[in-house]
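The residues making up each chain are set out below.
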Amino acid sequence: METQAETAEDVSPGLAAPGLRERKKQRTRDALLRAALELFTTKGFEETTVDEIAETVEVSQRTFFRYFANKQEAAFAVQEMVEARFVQSLRDRPAEEAPLVALRGAILGAWEAMGQSIEEVVPVELHMSTYQMIESTPSLLAAHLRRSMETEEEIARVIAEREGLDLDADPRPRVAAAAFSGVMRVTGRLWGAGEDISVESIRELTEQYLDHLGPALATDWRTPRPS
């Protein structure tokens, strides 16, 4: 039974705050996630067991499975949050923006706010190291590419909705989403192979490559030959 102090802590004027039980569950999930990512990035994904993750947090294996279906779900947990916030950011872009302009604004704006968002769950450096780990782990890379295709389709749906188009009748939303996703895969791979794994670094690289997307699609690349 809750005490009056706990009840007062759980509810603020005009706003129901998460209850004590929910906060405890969130802390347990965050602790399991951080332990998992730290083990994945130091020991290796395949080499890490669920038992080791649970033992690090001093909980049972059963508790781990209450929060994550498997190790792979834990590996992609923060990235899933990042992708969801990007898609929402795209939905929230000004309606008058053209598709590629909206995509650029959404991803750059998301990166600006991403540091604080990630820090609410795990240290930013740990998330960035996890991204590199995913890129270098064959089983996770395959899952990452599959997830990228699913996100690409979701982006295409959002663009079609913004433009008032039928996604199945008009190929342009999928073309735009594919071009954007291609840039993101290239910049992610280049960033992952570099030494600077900061949020600022991947944001700058992303901005640089997105700035070349329009010209790459719309102009003649060939240098004029001397007459």
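How each quantity is defined
Residues numbered from 1 in each chain as written. Predicted model: local features only at pLDDT ≥ 70, side-chain atom pairs only at ≥ 80, totals over all residues. Heavy atoms only, no water. Helix = DSSP H or I, 4+ residues; strand = E, 2+ residues; numbered from the N terminus. Expected span 1.5 Å × (residues − 1). Buried < 20%, exposed > 50% of the residue type's maximum accessible area, 1.4 Å probe, protein only. Arc of directions from axis to C-beta. pLDDT = per-residue confidence, 0-100. Contact = heavy atoms within 4.5 Å. Polar contact = N/O pair within 3.5 Å; in protein donor to acceptor, adjacent residues only side chain to side chain.

A.B. asks: In this structure, what is going on with helix α10 (residues 172-193)? I would like to understand it.
C.D. replies: The periodicity of an α-helix, 3.6 residues per turn, causes residues three or four places apart in sequence to face the same way. When the terminal C-alpha atoms of α10 are compared, their 32 Å separation across 22 residues agrees well with the 32 Å that a helix rising 1.5 Å per residue should span. What α10 keeps buried is the set Pro173, Ala176, Ala177, Phe180, Ser181, Val183, Met184, Thr187, Gly188 and Trp191. Down the axis of α10, the smallest arc covering the buried residues is 155°, so these residues share one side. Exposed and oriented more than 90 degrees from the buried face of α10 are Val175 and Ala193.

A.B. asks: Can you help me understand helix α6 (residues 77-91) in this one?
C.D. replies: Its 15 residues place the ends of α6 22 Å apart at the C-alpha level, agreeing with the 21 Å of an ideal helix rising 1.5 Å per residue. Within α6 the residues assigned to the buried category are Ala77, Val78, Gln79, Met81, Val82, Glu83, Phe86, Val87, Ser89 and Leu90.

A.B. asks: Sorry if this is basic, but what is going on with the confidence of the model for the chain here?
C.D. replies: Close inspection of predicted coordinates is inappropriate in any region flagged by low pLDDT. In this model, the chain carries an average pLDDT of 84, and 86% of its residues clear a pLDDT of 70 or more. The low-confidence segment residues 1-16 (pLDDT under 50) makes 13 contacts with residues lying over four places distant or belonging to another chain.

A.B. asks: Quick question: what am I supposed to make of the environment of Ser136 here?
C.D. replies: By secondary structure assignment, the location of Ser136 is in the loop between α8 (124-135) and α9 (138-163). Its relative accessible area of 57% is what places Ser136 among the exposed residues. Considered as a pair, Ser136 and Gly192 are 56 residues apart in the sequence and their alpha carbons are 9.0 Å apart. In this structure the side chain of Ser136 is engaged in a polar contact, spanning 3.1 Å, whose partner is the backbone oxygen of Met133.

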